[in-house]
Amino acid sequence: MAILQILEFPDPRLRQIAAPVTVFDEKLEVLIEDMFATMYEAQGIGLAATQVDVHKRLLVIDVSENKDSPQALINPSFEIIDQELVDYDEGCLSVPGFYEIVSRPAEIKVAAQDRTGEAVEFFADGLLSTCIQHEIDHLDGKLFVDYISLLKRQRIRHKLEKEHKKSA
Ligand code: GNR
Ligand code: NI
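Everything numeric here is computed off the predicted structure, so don't read it as measured data.

Q: Describe the coordination of the nickel ion (ligand 2), listing the residues and the values that go with them.
A: Within the protein, C92 (SG), H134 (NE2) and H138 (NE2) serve as the donor atoms for the nickel ion (ligand 2), at 2.1 to 2.3 Å. Counting along the primary sequence, the residues that act as donors to the nickel ion (ligand 2) give the motif C-x41-H-x3-H. Here the residue C92 occupies a position in the loop between β3 (71–90) and β4 (100–113), and H138 occupies one in helix α2 (residues 126–139), the gap between them amounting to 46 residues. Residues C92 and H138 agree in their burial class; the two are buried.

What follows is the structure, given as structure tokens:
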């Protein structure tokens, strides 16, 4: 298992739109395992392939308390079930150290494939709903900072650029 490097805002590679997964092979299994290892190591509750510079439509999540409910979603999509918006103080492994309130639909119905290519469908609300919407945004080149004011986004960008220069 490998720990992968997580791209950080404002890296332009985070803006790429991921392509559907068409081949369910050993290489995909290895990527999924590496993404779980990377997510758990970084203490995240989700990770999209885009964040590790792989522009394919897959994500891993584990929103459980005990970190014992890993779920890999391939080619995920959702429809809104409850349009009511819920606010959540969101963070992102690609925007380390910053949190902002984002409003998203409360309940969604998720359609995806599992790691074998089998279709899966389920309803999600609460943190799971927020997290899946956040991860699918990554696959479409979107970040939670796109939902906040330009001023706040620019402040975050400048602070992270400074950090990146320091460590470069
Ligand atoms: O670890 C994460 N926590 C989180 C908190 C609130 C809303 C979304 C998230 S996802 C984030 C991990 C991450 O960056 N996934 O893309
Ligand atoms: Ni994120």
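Q: Pulling in residues and values, what's your account of the state of the cysteines?
A: Covalent bonding between the sulfur atoms of two cysteines defines a disulfide. Inspection of every chain in the model, using the stated rule, returns zero disulfides. Take C131: it sits in no disulfide, and the sulfur closest to it among the cysteines is that of C92, at 9.8 Å. Overall, C131 belongs to the buried group, its relative accessible area being 4%.

Q: For unusual backbone geometry, give the residues involved together with the corresponding values.
A: Following F9, the chain continues into P10 via a peptide bond in cis, with omega recorded as 10°. Here P10 is to be found in the segment before α1 (26–41). The phi angle at Q43 is positive, at roughly 60°, despite the residue not being glycine. Take Q43: it is sitting in the loop between α1 and β1 (46–48).

About the cut-offs
- Residues numbered from 1 in each chain as written.
- Chains lettered and ligands numbered in written order.
- Predicted model: local features only at pLDDT ≥ 70, side-chain atom pairs only at ≥ 80, totals over all residues.
- Heavy atoms only, no water.
- Donors = N, O, S within 2.8 Å, 3.2 Å for Na, K, Ca; no water.
- Helix = DSSP H or I, 4+ residues; strand = E, 2+ residues; numbered from the N terminus.
- Buried < 20%, exposed > 50% of the residue type's maximum accessible area, 1.4 Å probe, protein only.
- Disulfide = S-S within 2.5 Å.

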